[in-house]
Amino acid sequence: MEPFLISTGLVAIAEIGDKTQLLALVLAARFRAPWPILAGILDATIANHALAAAVGAFAGHLVSDQAARWLLGALFLAFAAWALVPDKFEDEDEPPKRDGASVFWTTTVAFFLVEMGDKTQVATAALGARFQDVALVAAGTTLGMMLANAPAVLIGEAAATKLPLKLIRLFAAASFAAIGLWILIAG
């Protein structure tokens with residue numbers, strides 16, 4: 001259960017204020033159809049994070065245990081620094097206007113593409129390499145994404161503007177740094 005719980009907690013915290021959470025807010029405001037949006041987020045996240053965890057697990061087999069430990073520790077310390085940088089939703093990240101596509105497919109495609117190269121996807125690959133358990137890591141990171149994005153969709157922007165995002169980013173950075181140090185020290 002350790003891979004599942006760590007994956008869930010890290011991604012749920014790291015996702016708060018992330019560009020994909022901002023995308024969830026935009027989609028909710030635009031389409032006002034929370035259930036297809038949530039289903040699209042779930043669908044995209046399962047596909048994206050299963051792929052990232054599998055790539056991470058495969059890559060974990062290619063390097064020695066010592067090299068993997070140093071690489072993963074350094075990656076998590078880098079995630080800590082990355083978590084301190086606030087995401088800003090830019091116009092070019094906004095999903096295309098709905099022209100006949102269903103809300104579900106629009107959400108699925110937009111979420112999958114925006115998540116590519118995102119810190120939660122990279123963290124999922126690193127967790128896959130660390131734990132070598134694609135199913136538990138992908139399930140945990142997917143649950144973490146849903147825990148962070150479902151409230152954004154259901155409650156909307158009013159609640160998101162009341163969250164202390166700077167404090168949450170600091171907590172996420174501290175969590176990533178603690179795991180990075182744990183990997184480097186405990187081996």
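Residues numbered from 1 in each chain as written. Predicted model: local features only at pLDDT ≥ 70, side-chain atom pairs only at ≥ 80, totals over all residues. Heavy atoms only, no water.

Caption draft 1: Spatial organisation of the packing of aromatic side chains. As enumerated under the stated definition, the model contains 1 aromatic pair in all. Between the aromatic rings of phenylalanine 104 and tryptophan 105, the centroid separation amounts to 4.8 Å while the plane-to-plane angle is 75 degrees, which identifies the pairing as edge-to-face. The class of phenylalanine 104 is partly exposed, set by a relative accessible area of 22%. The ring of phenylalanine 131 has arginine 130 sitting right over it, with the charged end atom 5.5 Å from the ring centre. (Phe/Tyr/Trp six-rings, centres within 6.5 Å; stacked < 30°, edge-to-face > 60°. Buried < 20%, exposed > 50% of the residue type's maximum accessible area, 1.4 Å probe, protein only. Lys NZ or Arg CZ within 6 Å of the ring centre and 35° of its normal.)

Caption draft 2: Region of interest: the pattern of salt bridges. Considering all chains together, one arrives at 1 salt bridge under this definition. A salt bridge links aspartate 18 to lysine 119, with the shortest nitrogen-to-oxygen separation between them at 3.0 Å. Here the residue aspartate 18 occupies a position in the loop between helix 1 (2–15) and helix 2 (19–31), and lysine 119 occupies one in helix 6 (residues 119–131), the gap between them amounting to 101 residues. Across this residue pair, the class does not change: aspartate 18 and lysine 119 are buried. (Salt bridge = Lys/Arg side-chain N within 4 Å of Asp/Glu carboxyl O. Helix = DSSP H or I, 4+ residues; strand = E, 2+ residues; numbered from the N terminus.)

Caption draft 3: Local environment of the nonpolar core. Grouped together as the largest cluster of nonpolar side chains are 21 residues, with contacts concentrated most on Leu23, Ala24, Leu27, Ile37, Ile41, Phe111 and Val153. Broken down by secondary-structure element, the contributors of at least two residues to this core are helix 2, helix 3 (34–62), helix 5 (103–115) and helix 7 (134–155). Considering each element in turn, this core owes the most residues, 6 residues, to helix 2. Apart from the residues within four sequence positions on either side, phenylalanine 111 is in contact with Thr20, Leu23, Ala24, Leu27, Ile41, Ala44, Thr45, Met145 and Asn149. (Core = buried A, V, L, I, M, F, W, Y, C linked by side-chain atoms within 4.5 Å. Contact = heavy atoms within 4.5 Å.)

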